[in-house]
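# Overview (structure and organization)
Read off the chains here:
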Amino acid sequence: MPELSDLKLHNGTVWRWNRPIYDMSQGVPHLRVENRVLPAGPTAVDTVANACFYYGLLESFTTSGRPIWTKMPFADADRNFLDAAKHGIHATQTWPGLGPLAAVDLVADHLLSVADDGLAALGLRREVRNHYLSIIEGRCRAGTNGASWQVAVTEAYEDAGYGRDEALTAMFGHYLDNSEDNIPVHTWEVPTVEARTAEGDQPDRTQVRPA
């Protein structure tokens, strides 16, 4: 079977939203198409909630009235993209008919109902829609997503006197524990970390008091 090393090099350097991936595993070739639009969880339930929100909006925006891209100047879309990349869940977004507002308010107060209509049109049951879209709403109300939680936990360890690498390692340990519990990320606690008392002390997650 061909290794196709040039193709694999190309796939590892050019990151498209949708990309075909060819690889070998134990001598067996496989081909897949990666869809990279949706962000990772960090839990399975968060990932499904992301998918419901995204595809619900997509269905509504492409089947009802004028397409959203005909209502929004490209300059606004460009500014929205950059602000979201810089500030994440704390970004400000400009939306047709609404002007600039906090991203969490845009989603919770305006876009969730649009996504719900789209999911209903796709045939998703009300209880399923409510369950997953409520996770998106909870994320907005709490002002917490996977990225902001990671930053907060890392800073908690650094403030307690741990080095950057130690803080990141400890944060990742909490991340793994919480991911395995499969509960929405906006409900994860940010630990209160005991101040480091001696050089060489290592973060001990069993000694951390929840906030």
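Since we're looking at a predicted model, the values are computed, not measured. (Residues numbered from 1 in each chain as written. Predicted model: local features only at pLDDT ≥ 70, side-chain atom pairs only at ≥ 80, totals over all residues. Heavy atoms only, no water.)

## As for the packing of helix H6 (residues 146–159) against helix H7 (residues 164–181)
Contact geometry for H6 and H7: axes closest at 8 Å, N-to-C directions at 135 degrees. With respect to their mutual orientation, H6 and H7 come out oblique. The element H6 and its partner H7 pack so that their crossing is right-handed. Where H6 approaches H7, its residues Trp149, Gln150, Val153, Thr154, Tyr157 and Glu158 are matched on the opposing element by Arg164, Ala167, Leu168, Ala170, Met171, His174, Tyr175 and Asn178. Residue composition of the contact of H6 with H7, by class: eight nonpolar, four polar and two charged. (Axes fitted to C-alpha atoms, helices over the stretch in contact; angles between N-to-C directions. Helix = DSSP H or I, 4+ residues; strand = E, 2+ residues; numbered from the N terminus. Parallel < 35°, antiparallel > 145°, perpendicular 65-115°, else oblique. Left-handed = near helix turned anticlockwise from the far one by under 90°. Contact = heavy atoms within 4.5 Å. Nonpolar A, V, L, I, M, F, W, Y, C, P; charged D, E, K, R; others polar.)

## Concerning the confidence of the model for the protein chain
When pLDDT is averaged along the protein chain, the result is 90, and 93% of the positions lie at 70 or above. Low confidence marks residues 207–211, where pLDDT is under 50. Its contacts with residues over four positions away, or in another chain, come to 15 contacts. (pLDDT = per-residue confidence, 0-100.)

## Looking at helix H5 (residues 126–142)
With 17 residues, H5 ought to run about 24 Å at 1.5 Å a step, and its terminal C-alpha atoms sit 24 Å apart, in line with that. Residues of H5 that are buried include every one of Val128, Arg129, Leu133, Ile135, Ile136, Gly138, Arg139 and Cys140, and no others. Along its buried surface, H5 packs onto helix H2 (44–63) and helix H4 (103–121). A positive backbone phi angle near 65 degrees is found at Gly143, which sits one or two residues after H5. (Expected span 1.5 Å × (residues − 1). Buried < 20%, exposed > 50% of the residue type's maximum accessible area, 1.4 Å probe, protein only.)

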